[in-house]
Amino acid sequence: MDNQGSPQTTRRTTRSSLAAANINSENTAESSKSIDLQPMTINDLVYGNESASFDELISNFPGRSSQIIDLIRLLGPINSPIFPLFIYGGASVGKTSVVLEIFRYLKRPFVYASCISCYNPKILFESILNQLLLHRKSESNGYSSAKRCEKPSDFVNLLREALRRVIDTLKGNKGKSSSKKGAVRPRGEMIYLIFDNFELLREWDKSSNIVPFVFKLHDILRLPEVGLIFISSASLDTYYADTGFVEPIPVYFPDYTEDNVRQILMKGVTNQKIYSAFLDVVLKPFYRITRRVNELSAAFSPLFSKYCEPLGDFQGVPNENLKRKLFAHLQPYVAHSLNEIFRVVNQPSSETSSNNTRKLKGTSKKLGMYESSDELDFHMSTSAKYLLISAFLASRNPATLDGSLFDSTGGSDNRKRKRKSSEKAMEQKETAEQELLMKGPGTFPLERLLAIFQCITSVVEYSTVEESQTDGGTGGDGFNSLLMSDVLLQLSSLINANFISKGTSCPLEGSTRYRSTVSEDMALKVARSLKFPLSKYIYRR
Amino acid sequence: MYRFIFLSFFPRHFRLLLTSPSWSAEKGKPPVFLKNQLKIYMGQKNPVEEALVLLRARLCSPNFMFTLFLDSPDSNYSKLKYILSSSVTEACNNSLLLLGPRGCGKIAVLDLVLQDLLKEYPDMISVINLNGLLHSDDNCAVKEIARQLCLQHELVFSKMASYDDNSQFIIAMLQECGLAHKTLIFVLDEFDLFAQGKQRLLYSLLDAMQSVTSQAVVIGVSCRLDADQLLEKRVRSRFSHRKLLFLPPSKDDLQRIFEHILLLPEDSGLPYEYVADFNSKLNNMLIDKKFKEIVEKLFNSDSTFNHIVRFLFSALCHMDLKSGFLSLENFRTALSSIETQAKLESLKDCSILELYILVCMKRLEVKEKETCNFNSIMKEYKNIHESFQTPDYYARNVCLRAFEHLLQRELISFLDNRSSGQSIEFRPVKLLISWQELHQGLKQYRSCPAVLFKLMDREG
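What counts, and at which threshold
Residues numbered from 1 in each chain as written. Chains lettered and ligands numbered in written order. Predicted model: local features only at pLDDT ≥ 70, side-chain atom pairs only at ≥ 80, totals over all residues. Heavy atoms only, no water. Helix = DSSP H or I, 4+ residues; strand = E, 2+ residues; numbered from the N terminus. Buried < 20%, exposed > 50% of the residue type's maximum accessible area, 1.4 Å probe, protein only. Areas by Shrake-Rupley, 256 points an atom, 1.4 Å probe, with all protein chains shown as cover. Salt bridge = Lys/Arg side-chain N within 4 Å of Asp/Glu carboxyl O. Phe/Tyr/Trp six-rings, centres within 6.5 Å; stacked < 30°, edge-to-face > 60°. Lys NZ or Arg CZ within 6 Å of the ring centre and 35° of its normal. Bend = angle between axes of the 7 residues up to and from the residue. Contact = heavy atoms within 4.5 Å. Buried area = accessible area lost by both parts, 1.4 Å probe. Polar contact = N/O pair within 3.5 Å; in protein donor to acceptor, adjacent residues only side chain to side chain. Nonpolar A, V, L, I, M, F, W, Y, C, P; charged D, E, K, R; others polar. pLDDT = per-residue confidence, 0-100. Core = buried A, V, L, I, M, F, W, Y, C linked by side-chain atoms within 4.5 Å. Patch = residues over 30% accessible without salt bridge, like charges linked within 9 Å, V, L, I, M, F, W, Y side chains within 5 Å. Axes fitted to C-alpha atoms, helices over the stretch in contact; angles between N-to-C directions. Parallel < 35°, antiparallel > 145°, perpendicular 65-115°, else oblique. Left-handed = near helix turned anticlockwise from the far one by under 90°. Lys, Arg positive; Asp, Glu negative; His and termini not counted. Charge placed at Lys NZ, Arg CZ, Asp CG, Glu CD. Pairing = 2+ DSSP bridges.

Section: the overall build of chain B
Moving on, step 1. Scanning chain B from terminus to terminus reveals 23 helices and seven strands.
Moving on, step 2. By the burial criterion, 55% of the 460 residues in chain B qualify as buried.
Moving on, step 3. For chain B, the accessible area works out to roughly 21000 Å², and carbon and sulfur atoms hold 54% of it.

Some remarks on the pattern of salt bridges
All names here are of chain A.
Moving on, step 1. Applying the stated criterion across every chain yields a total of 30 salt bridges over all chains.
Moving on, step 2. Here lysine 122 makes a salt bridge to glutamate 126, at a shortest N to O gap of 3.9 Å. Separated by four residues within a single helix, lysine 122 and glutamate 126 lie in helix H6 (residues 121-132), roughly one turn from each other.
Moving on, step 3. With relative accessibility at 28%, the residue lysine 122 sits in the partly exposed group.

Re the packing of aromatic side chains
Moving on, step 1. Counted according to the given criterion, the structure contains 41 aromatic pairs over all chains.
Moving on, step 2. Here Phe125(A) and Phe213(A) contribute two aromatic rings whose centre-to-centre distance is 6.3 Å and whose plane-to-plane angle is 85°, an arrangement assigned as edge-to-face. With Phe125(A) in helix H6 and Phe213(A) in helix H9 (residues 210-221), this residue pair connects regions lying 88 residues apart in the sequence.
Moving on, step 3. On the basis of relative accessible area, Phe213(A) is assigned to the buried category, the value being 1%.
Moving on, step 4. Here the aromatic rings of Phe155(A) and Phe213(A) are separated by 6.5 Å at their centres, their planes lie at 80°, and the arrangement is edge-to-face. A residue pair is termed long-range when its members are at least 10 positions apart, and Phe155(A) in helix H7 (residues 152-175) and Phe213(A) in helix H9 qualify at 58 residues. Phe213(A) shares its class with Phe155(A); the two are buried.
Moving on, step 5. Ring pairs connect the aromatic residues Phe86(A), Tyr88(A), Phe195(A), Phe198(A), Phe215(A), Phe230(A), Tyr239(A), Phe245(A) and Tyr252(A), which therefore count as one cluster.
Moving on, step 6. Of note, Lys306(A) hangs over the ring of Tyr333(A), and the distance from its end group to the ring centre comes to 4.9 Å.
Moving on, step 7. Geometry around Phe414(B) places Arg427(B) over its ring, the cationic atom sitting 3.8 Å from the centre.

Considering helix H13 (residues 320-338) of chain A
In an α-helix, one turn spans 3.6 residues; hence positions three or four apart end up facing the same way.
Moving on, step 1. Most pronounced at Leu330(A), the bend in H13(A) amounts to some 40°, and the proline Pro332(A) follows within four residues.
Moving on, step 2. Along H13(A), the residues classified as buried are Leu322(A), Leu326(A), Leu330(A), Val334(A), Ser337(A) and Leu338(A).
Moving on, step 3. In the core, the buried residues of H13(A) are packed alongside helix H11 (272-289) and helix H12 (293-308) of chain A together with helix H21 (396-409) of chain B.

Focus: the interface of chain B and chain A
Moving on, step 1. Every contact between the two is made by 87 residues of chain B and, on the other side, 76 residues of chain A.
Moving on, step 2. Here chain B and chain A share an interface that buries about 7200 Å² over both sides, 55% of which is from carbon and sulfur atoms.
Moving on, step 3. The tally of links from chain B across to chain A stands at eight salt bridges.
Moving on, step 4. Among the salt bridges present, the one from Arg288(A) reaches Asp392(B), with a minimum N-O distance of 2.6 Å.
Moving on, step 5. Inspection of the chain B/chain A interface yields 30 residue pairs in polar contact (both at pLDDT 80 or more).
Moving on, step 6. Examining the composition of the side of chain B that touches chain A, we find that eight residues originate from one element, H21(B), more than from any other.
Moving on, step 7. Grouping the amino acids of the side of chain B that touches chain A by side-chain chemistry returns 40 nonpolar, 20 polar and 27 charged.

Observations regarding the confidence of the model for chain B
Where the model shows low pLDDT, its predicted coordinates should not be examined in detail.
Residues and elements named next belong to chain B.
Moving on, step 1. Scored by pLDDT, chain B comes out at a mean of 83, with 88% of its residues at no less than 70.
Moving on, step 2. Counted against residues more than four places away or in other chains, residues 1-44, with its pLDDT under 50, gives 73 contacts.
Moving on, step 3. Confidence estimates for the predicted assembly give a pTM of 0.80 and an ipTM of 0.86.

Here we look at unusual backbone geometry
Moving on, step 1. A positive phi angle, near 60°, is found at Asn79(A), a position not held by glycine.
Moving on, step 2. As for its position among the elements, Asn79(A) is in the loop between helix H4 (65-75) and strand S1 (85-88).

Things to note about the nonpolar core
All names here are of chain B.
Moving on, step 1. Counting 104 residues, the largest nonpolar core has Phe311 and Phe331 as the members making the most contacts within it.
Moving on, step 2. For this core, the element with the highest residue contribution is helix H16 (residues 305-317), accounting for nine residues.
Moving on, step 3. Not counting residues within four places of it along the chain, the set of residues in contact with phenylalanine 331 comprises Leu262, Met285, Phe291, Ile294, Phe311, Leu312, Ala315 and Leu326.

Quick word on a nonpolar patch on the surface
Residues and elements named next belong to chain B.
Moving on, step 1. Taken together, the side chains of Leu225, Leu245 and Leu247 define a hydrophobic patch exposed on the protein surface, amounting to about 310 Å² of accessible area.
Moving on, step 2. Its place among the elements puts leucine 225 in the loop between strand S4 (216-222) and helix H12 (233-236).
Moving on, step 3. Take leucine 225: its relative accessible area is 52%, and that puts it in the exposed class.

Focus: the confidence of the model for chain A
Moving on, step 1. For chain A, per-residue confidence averages 75 on the pLDDT scale, and 71% of positions sit at 70 or higher.
Moving on, step 2. Contacts for the low-pLDDT stretch residues 1-35 of chain A, under 50 throughout, to residues beyond four places or in other chains number 66 contacts.

Focus: the packing of helix H10 (residues 258-266) of chain A against H12(A)
Residues and elements named next belong to chain A.
Moving on, step 1. Two numbers describe how H10 lies on H12: the axes approach to 11 Å, and their chain directions differ by 55°. By the criterion of interaxial angle, the relationship of H10 to H12 is oblique. H10 and H12 meet at a crossing whose hand is right-handed. Along its contact with H10, which presents Val261, Ile264 and Leu265, the element H12 presents Val293, Leu296, Ser297 and Phe300.
Moving on, step 2. Looking at the contact of H10 with H12 residue by residue, the classes come out as six nonpolar, one polar and no charged.

Quick word on a positive patch on the surface
Moving on, step 1. A surface patch of like charges, here positive, comprises Lys147(A), Lys151(A), Arg165(A), Lys143(B) and Lys159(B).
Moving on, step 2. Among the structural elements, Lys151(A) can be located in the loop between H6 and H7.
Moving on, step 3. On the basis of relative accessibility, which here comes to 39%, the residue Lys151(A) falls in the partly exposed class.

Thoughts on the sheet that holds strand S2 (residues 110-114) of chain A
Residue and element names in this part refer to chain A.
Moving on, step 1. Pairing is parallel across the open sheet formed by five strands, whose spatial order is S2-S3-S4-S1-S5. The open sheet has two edge strands, S2 and strand S5 (249-252), and neither has a second partner. Pairs of neighbouring strands in the sheet enclose a mean axial angle of 20°, with direction left out of account.
Moving on, step 2. Relative to strand S4 (residues 226-232), strand S3 (residues 191-196) is paired through five bridges, and the arrangement is parallel. Paired with phenylalanine 195 across the two strands is phenylalanine 230, which belongs to S4.

As for helix H21 (residues 520-530) of chain A
Moving on, step 1. Buried within H21(A) are the following residues: Met522(A), Ala523(A), Lys525(A), Val526(A), Ala527(A) and Leu530(A).
Moving on, step 2. Those residues of H21(A) that are buried are in contact with helix H15 (382-396) of chain A.

Here's the deal with the environment of Leu133(A)
Residue and element names in this part refer to chain A.
Moving on, step 1. Inspection of the secondary structure assignment puts leucine 133 in the loop between H6 and H7.
Moving on, step 2. Here the alpha-carbon distance between leucine 133 and threonine 41, two residues 92 residues apart in the chain, equals 9.5 Å.
Moving on, step 3. Residues within four places of leucine 133 in sequence aside, it is in contact with Ala146, Lys147, Ala162 and Arg165.

Description of the pairing of S4(A)
All names here are of chain A.
Moving on, step 1. Of all the seven residues making up S4, seven are buried; the element is thus mostly covered by neighbouring parts of the structure.
Moving on, step 2. Burial along S4 is two-sided: the face carrying Val226, Leu228, Phe230 and Ser232 and the face carrying Gly227, Ile229 and Ile231 are both buried.
Moving on, step 3. Sheet topology places S1 next to S4; four bridges connect them, and they run parallel. Bridged to isoleucine 87 within S4 is isoleucine 231.

Observations regarding the side chain of Arg56(B)
Moving on, step 1. Mapping Arg56(B) onto the fold places it in helix H4 (residues 47-60).
Moving on, step 2. When residues no more than four places from it in sequence are discounted, the contact partners of Arg56(B) are Arg73(A), Leu74(A), Leu75(A), Gly76(A), Ser80(A), Pro81(A), Ile82(A), Phe313(B), Leu316(B) and Cys317(B).

Brief notes about the packing of helix H13 (residues 251-262) of chain B against H16(B)
All names here are of chain B.
Moving on, step 1. Across the interface, H13 lies against H16 with an axial gap of 12 Å and an inter-helix angle of 45°. By the angle between their directions, the pair H13 and H16 is classed as oblique. The hand of the H13/H16 crossing is right-handed. Residues Leu254, Ile257, Phe258, Ile261 and Leu262 of H13 touch H16, and the partners they reach there are Phe305, Ile308, Phe311 and Leu312.

Now the structure itself:
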């Protein structure tokens, strides 16, 4: 959730992979045999090997000190029982990493389960049990879980059993002096269960009562040695249950303030002075748009390289004069980049965590249709482009108009219907416009798409006879006959690329209906690349 | 939910809570003395820490608070104990419901009673615990009953047994226990969930209890006061309509509860002077007028036992470990930390652009457009920009991202749940905050553009 400079805080490793990495680094000679992991011990329930100090903890998380102190106080001294905690706050405010680092600092054993990777009750339950039973999936056990468990009732019984065993081991541990060196011994007799991304649990099964169940787990288990921690991006009042639930103690992580963002961005920067001067210029306007550190840092990295361009190899401290010069250099780019803040994707910046890049990828897919540059930045076959345009037309134009638009002579450019714009007509026009805004593109059956496609391509053949020679593949007589099988393939790849969405089949007509999800800008761009007069065909209300 | 609604009527009170100085939140740097405190956490035994662990254990144990009410004759504890002990001694069948709001100690009191009875009549009682959240499915419930019966009577439980096997086993066990004059007590937590569906479990349990040979008590626990109305006719006619109502504590009880929980015992091995000091300071504070005000606020928002316990827990966590005494400040911070107003908090986290979008949606709502979606919001945003010359005018894709942020913050949500087909910009959305909340949020927002207030107040 957090992308700060220091590597150990950003990398969200699972504990088993961490252990694996450590073992690998120890015996590098037999790295090929790294599959033979040592059996897990109770010590594996502690996060990280190197110990961290309190000062490090605070300085690693600028702007989070009050939350860290609150959490440490709530967790309390060793062996103190605890109520369930509910940690919430927006995305990328450091909820998970703060909690994990605190546990590393306290050296207390815990079990971590994220509802993203454990995406249904069965996997969640089994993953928790696996960790508690110190079970590792491997080739020898066929990558199976320690226990099979699907129902909450089984889970509670197995969990209680497993927890008792772990707590007994922890109690037994206390007496012995630390025999093994190197390994961090868990402190205390408490074991904590951490549920991350808890908000996803709400969508798992609307009818089931898994949310009140997990909230009530503490009361159901009746084990004072167990602490529950929920991490969620949604606040408590967005969790609904019929008869309510036992409310945990809330801890709020607010978004970073401007100063905090500055501190975070300044971490790990080599030339502090110049970057600080840079942030003076850009941070304020960008902060008005978004407060997410991951988005800000993605937007800043290309800008900063622009900012540094006139500097050359200059490494010293910038004076006022130089700052002014740099500012003047950057000024035009800032205004431009403010409106394209999210175009920078997959920037290989050092601090983007794996989580971050995934998020950015996800959104770039969604935003892909809103590219605002003049050139298409992807490649597509010509027939796919035509298909895209015909889908766009089929979605935008009413079906009744198809006949007049695509008659045999092609184009309806000469047939403008003039109408008196009476008061009523204007009103109608307005409501229609409103409707278009609200309803979005319409749906169409496959037949209509193919018909429009054929019309368009035939029109192109008539109008661009000369050009067709240079165009190669599209021209020729065989084009139409070869078309069909090819087009269906293209269609399915367009659907996969999310340019056309496929709806459920209509109960009345029985055929599947499609819908174009391409914006008008995008369609016009595609048309321009084909030199196709798209604007002639769009029906304007 | 009740709490949130209530608080939003009292903006002044809320602000007062927020501005109460909290030592840790300032400047983002920990005070110097904190490091010493934290060293204490890592170190060995010390009396303050021990006292803290003791008090936390008290608060977290579900029953401790209710031991206070053991000796009063008209408490639920006495009534419940009378009913249960008479059905144990007189060997009769019985059924009753424990009703009351969540967090009022239904299960805790029942636990205390059962503990006492198990001590008084050893080997005459066996308790089966079921929870509606886990066992609302008949199959599951019957299996769990069989499992617990096997465990308690040292029989071998077969996982493979079918529903029929298990229910026959239960009936046989009921008869056996009746013959041996052993009472089976079924505790059904979240009773209302057992009343979903065919109610086969309830029927077969209650039906088995109609015979002379059996000796069992069914106790339903529910926070739905109409739980008995949920039962089918055939089940209801077999159910004795005995109900016990559990209510939140009265204001007079509060003082006793605080003393009961927070005063340190003198025989706990803690140093005598410390205990005496701690207790006298606490006693002084409990009669303090300012403390009473805090408690009043707590009581007004939610007066259940559960809420009080969480309040005390939070106060205890804020205790200064160096001095080792609870202060008034601790309770004040505790109150503000457990009474959160999530929507206002997330409004404060919004960026300026996100606020613009919210205000646009608000304006569309005022204009009584039935539904709005991203496109209509953008139209309004453009209108605003044209008529007021606002400085914050960004491109459509930037706004779309801000719009998505709002969706993630759950300040707005889609009207329909179907995610298929439509792209985000066309799906209708609605605001999840009221006009008052938005207004209050804007007021509390640091450096909120003045034009937004103007836009909020004015139409068109």
